[in-house]
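One-letter residues, chain by chain:
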Amino acid sequence: VNAKRRKLGDSVAGIPADVAQHLRDETLHWAGTTGVLVGAEGAYMHAPCALLPYPFPASLFAQATSLAEPFNLLVDRCARDLDWLHRTTRLVTKHDDFTGRLLKLSEQVAAE
């Protein structure tokens with residue numbers, strides 16, 4: 001945990017600061033133990049997350065919901081076209097070892 005860890009004020013969204021701090025600590029510990037981490041070089045940190053819900057316009061939620069089906073169709077079609085997927089993915093493997101390992105695994109499975 002970062003030595004400069006930010007302390008929460010008197011309250012957060014009406015939750016007492018000590019309770020909010022406990023929830024924050026538990027959330028960050030959970031992120032660390034379950035692999036919800038980011039970091040390319042050096043130390044890893046927890047991925048950005050929200051402890052409490054964040055309000056946003058209902059119209060944007062409706063828009064996102066309406067895009068779910070066509071987006072999932074796109075993902076499905078990309079995943080089914082292995083020649084295209086492998087050819088396209090190969091372009092980034094020089095710079096991304098993780099994607100390179102995924103590509104290698106996909107090619108091995110496809111060959112079976």
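Figured I'd write up the structure that's included with this text. Given the structure is predicted, the values throughout are model-derived calculations rather than measurements.

1. What to know about the overall build of the chain
- Scanning the chain for helices and strands turns up four helices and four strands.
- Here the chain holds 112 residues, and the buried ones make up 12% of them.
- Residue pairs at least 24 apart in sequence account for 20% of intrachain contacts in the chain once pairs closer than 6 positions are excluded.
- Total accessible area on the chain is roughly 9,600 Å²; 62% of this is exposed by carbon and sulfur atoms.

2. A few points about the packing of aromatic side chains
- As enumerated under the stated definition, the model contains one aromatic pair in all.
- Judged by centre distance (6.4 Å) and plane angle (50°), the rings of Phe-56 and Phe-61 are tilted.

3. Here's the deal with a nonpolar patch on the surface
- Side chains of Tyr-54, Phe-56, Leu-60 and Phe-61 sit close together on the surface and give an oily, nonpolar patch of about 520 Å² of accessible area.
- With respect to the helices, strands and loops of the structure, Phe-61 is situated in helix α2 (residues 58–80).
- The exposure class assigned to Phe-61 is exposed, which follows from its relative accessible area of 53%.

4. Digging into the packing of helix α3 (residues 82–90) against helix α4 (residues 97–111)
- Running from N to C, α3 and α4 point in directions that differ by 155°, and their axes come no closer than 10 Å. The angle between α3 and α4 places the two elements in the roughly antiparallel class. Along this stretch, α3 crosses α4, giving a crossing that reads as left-handed. For the pair α3 and α4, the contacting residues are Leu-82, His-86, Thr-89 and Arg-90 in the first and Thr-99, Leu-103, Ser-106, Glu-107 and Ala-110 in the second.
- Classifying every residue of the contact of α3 with α4 gives three nonpolar, four polar and two charged.

5. As for the pattern of salt bridges
- Considering all chains together, one arrives at three salt bridges under this definition.
- Here Arg-24 and Asp-25 are joined by a salt bridge, their closest N and O atoms 3.6 Å apart.
- Taking relative accessible area as the criterion, Asp-25 reaches 17% and is therefore assigned buried.
- A salt bridge links Asp-76 to Arg-80; the shortest N-O distance between them is 2.9 Å.

6. Some details on helix α1 (residues 17–34)
- Look at α1: 26 Å from first C-alpha to last across 18 residues, which is about the 26 Å you get at 1.5 Å a residue.
- Of all the residues in α1, the buried ones are Ala-17, Ala-20, Gln-21, Asp-25, Leu-28 and Ala-31. Within α1, the buried residues cover an arc of 135° as seen down the axis, which keeps them to one side. Opposite the packed face of α1, turned more than 90 degrees from it, sit the exposed residues Asp-18, Trp-30 and Thr-33.
- As for α1, its buried residues are in contact with β1 (11–12), β2 (15–16), β3 (37–38) and β4 (45–46).

Each value, and the rule that gives it
- Residues numbered from 1 in each chain as written.
- Predicted model: local features only at pLDDT ≥ 70, side-chain atom pairs only at ≥ 80, totals over all residues.
- Heavy atoms only, no water.
- Helix = DSSP H or I, 4+ residues; strand = E, 2+ residues; numbered from the N terminus.
- Buried < 20%, exposed > 50% of the residue type's maximum accessible area, 1.4 Å probe, protein only.
- Contact = heavy atoms within 4.5 Å.
- Areas by Shrake-Rupley, 256 points an atom, 1.4 Å probe, with all protein chains shown as cover.
- Phe/Tyr/Trp six-rings, centres within 6.5 Å; stacked < 30°, edge-to-face > 60°.
- Patch = residues over 30% accessible without salt bridge, like charges linked within 9 Å, V, L, I, M, F, W, Y side chains within 5 Å.
- Salt bridge = Lys/Arg side-chain N within 4 Å of Asp/Glu carboxyl O.
- Axes fitted to C-alpha atoms, helices over the stretch in contact; angles between N-to-C directions.
- Parallel < 35°, antiparallel > 145°, perpendicular 65-115°, else oblique.
- Left-handed = near helix turned anticlockwise from the far one by under 90°.
- Nonpolar A, V, L, I, M, F, W, Y, C, P; charged D, E, K, R; others polar.
- Expected span 1.5 Å × (residues − 1).
- Arc of directions from axis to C-beta.

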